[in-house]
Amino acid sequence: EEAEDSEIKEMNDAMKRMAYSWVFALPLGIIMILDMFTSLKIPYLDYVFIVFAIPVLFVFGWKTYVSGVKSARYVAFNMDSLIFLGTFIAFLTGLLKFVLPIENYAAIGAMIMAFHLTGRYVEAKARGRASQAIKKLLRLGAKSANIIVKGKEKQVPISEIKIGDIMIIRPGEKIPTDGVVVKGESAVDESMVSGESLPVEKKKNSKVIGATINQDGVLYVKAEKIGKDTFLSQIIKLVEEAQGSKIPIQEFANKVTSYFVPVVIGITVLTFLVWLFFPEVMKNIASYFSFLPWINLNAGIITLALFASIAVLVIACPCALGLATPTVLMVGSGLG
C-alpha cells in the first residue's frame, strides 16, 4: 500500500509539473510562431522569454536539473544530462543576448523542458496504473471464510485459515484459498484465472483455486495452500517481479546510454568548434536547408554555432531508450 501510494503521489506530482510548465511554455510557443511567421513585433521580447523560461526550467524542471548535474558529477550520464545541458545553455543565450550579438533561445529551452516533463508524466502514469493493476489483483481475494471447528461452522478472517481446514462455500461466495473438494458438487466461475466464461464443474477430489466464485451448489473444500503459496499470490508476485526487474533490452539500453551521452556531448563541442572556425563551409552546407524559416544564416557566427550545438544535444536525447522501454514494460505487465 505504501509503495503504491508513493507511485500515485509521484504520478500526481509529475502531472502538476507537466501542467504548470505548459502554462508558461505554451504562450512562449505561440509568441515564437507569431514572431517567426508574422510581422508582429512584441515589445521586450527578450525579457518575456527569460521571465517565462525561469519557472519552467528552475522550478518545474528542477528535479531534471538535479539529476543531470549529479549524473555529470559522478560521470554516470543519463537522459537528464542531455536535457540539462541543452536547456540550460539555451537559457544562457537569453542572458548573453544583452552582452553578445547572439539570438535568445531561452524560450526554446522552456519548450524542450515542457516536452520532457510531459514524457516523465507518461512514464509516472504508467507506473501508477501498474500499481493499480496489482491492487485490483489483491482485491480479488476473499476477506473471510466459513470453516468447520469442532463440528460447528465459524467465520474467520482469511489470514487465520490453516492448511487442512475444511471450508464451506455457498453459492455466490468466493473460494477463500486453494484447496480440494471433499464434499458437494457445483460449478465454479474460474474466468479470473483462465479467461473462460463457462463455469467449470467441480465434485469430490476436484482442485479449486482461491478467489474463484462458486456458482450453484454448496462445496466443502479442504485448504491446501495459504498466504503467499496460493495461485493468486503467485500471480501478484510475478507481476511485481516483472515490473521491478530489467529485461535484456533495458540492460542494453542502459549500457548504450552510458556511452551514448558522452559521445553526444563530444559531438556537441565539436559542432560548436567547427561552426566557430569554419563558418563559411558550414553555412554552405546549411544553405541546402535554407527553406527552414528558423535557420537564419545571416545571424552571427556564435549564434549559429550555439544553435547547431544545442540542436545536437536536444535531438540526440533518445527517449526511446530513456522513456519508452521502461514504460512499455510496465504497461505490458500491468495489462497482463
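The coordinates are above.
Presented here is an overview of the structure given in this document.

1. Overview of a positive patch on the surface
Right, so step 1: A cluster of basic residues, K136, R139, K143 and K174, forms a positive patch at the surface.
Right, so step 2: The residue R139 is located in helix α5 (residues 106-140) in this model.
Right, so step 3: Since its relative accessible area comes to 48%, R139 is described here as partly exposed.

2. Digging into a nonpolar patch on the surface
Right, so step 1: A cluster of nonpolar side chains, contributed by Y44, Y47, L92, L95, L96, F98, V99 and L100, occupies part of the molecular surface with about 800 Å² of accessible area.
Right, so step 2: Residue placement: F98 occurs in the loop between α4 (79-96) and α5.
Right, so step 3: Judged by its relative accessible area of 43%, F98 is partly exposed.

3. Regarding α4
Right, so step 1: In this model, α4 (18 residues) spans 26 Å end to end at C-alpha, consistent with the 26 Å of a helix rising 1.5 Å per residue.
Right, so step 2: Every buried residue of α4 is accounted for by M79, D80, S81, L82, I83, F84, G86, T87, A90, F91, T93 and G94.

4. Brief notes about the sheet that holds strand β1 (residues 144-149)
Right, so step 1: Read across the open sheet, the 6 strands follow the order β2-β1-β3-β9-β4-β7; overall the sheet is antiparallel. With one partner strand each, in any of the chains shown, β2 (152-157) and β7 (207-208) form the two edges of the open sheet.

5. Focus: the sheet that holds strand β8 (residues 213-214)
Right, so step 1: Pairing within the open sheet is antiparallel, and its 3 strands lie in the order β6-β5-β8. Because the sheet does not close on itself, it has two edges, and the strands there are β6 (200-202) and β8.
Right, so step 2: The pairing of strand β5 (residues 186-189) with β8 spans 2 bridges and is antiparallel. Paired with D189 across the two strands is I213, which belongs to β8.

6. Some details on the packing of aromatic side chains
The geometry of an aromatic ring pair is captured by two quantities: the separation of the ring centres and the angle between the planes.
Right, so step 1: For the coordinates displayed, the defined rule picks out 12 aromatic pairs.
Right, so step 2: On the basis of an interplanar angle of 40 degrees and a centroid distance of 5.2 Å, the ring pair of Y47 and F98 is categorised as tilted. With Y47 in helix α2 (residues 45-60) and F98 in the loop between α4 and α5, the pair connects residues that are 51 residues apart, well separated along the chain.
Right, so step 3: Cluster of aromatic residues (ring-pair linked, three or more members): F58, Y65, F84, F88 and F91.
Right, so step 4: The positively charged end of K183 is found above the aromatic ring belonging to Y220, 4.9 Å away from the centroid.

Reading guide: rules and limits
Residues numbered from 1 in each chain as written. Predicted model: local features only at pLDDT ≥ 70, side-chain atom pairs only at ≥ 80, totals over all residues. Heavy atoms only, no water. Patch = residues over 30% accessible without salt bridge, like charges linked within 9 Å, V, L, I, M, F, W, Y side chains within 5 Å. Areas by Shrake-Rupley, 256 points an atom, 1.4 Å probe, with all protein chains shown as cover. Salt bridge = Lys/Arg side-chain N within 4 Å of Asp/Glu carboxyl O. Lys, Arg positive; Asp, Glu negative; His and termini not counted. Charge placed at Lys NZ, Arg CZ, Asp CG, Glu CD. Helix = DSSP H or I, 4+ residues; strand = E, 2+ residues; numbered from the N terminus. Buried < 20%, exposed > 50% of the residue type's maximum accessible area, 1.4 Å probe, protein only. Expected span 1.5 Å × (residues − 1). Pairing = 2+ DSSP bridges. Phe/Tyr/Trp six-rings, centres within 6.5 Å; stacked < 30°, edge-to-face > 60°. Lys NZ or Arg CZ within 6 Å of the ring centre and 35° of its normal.

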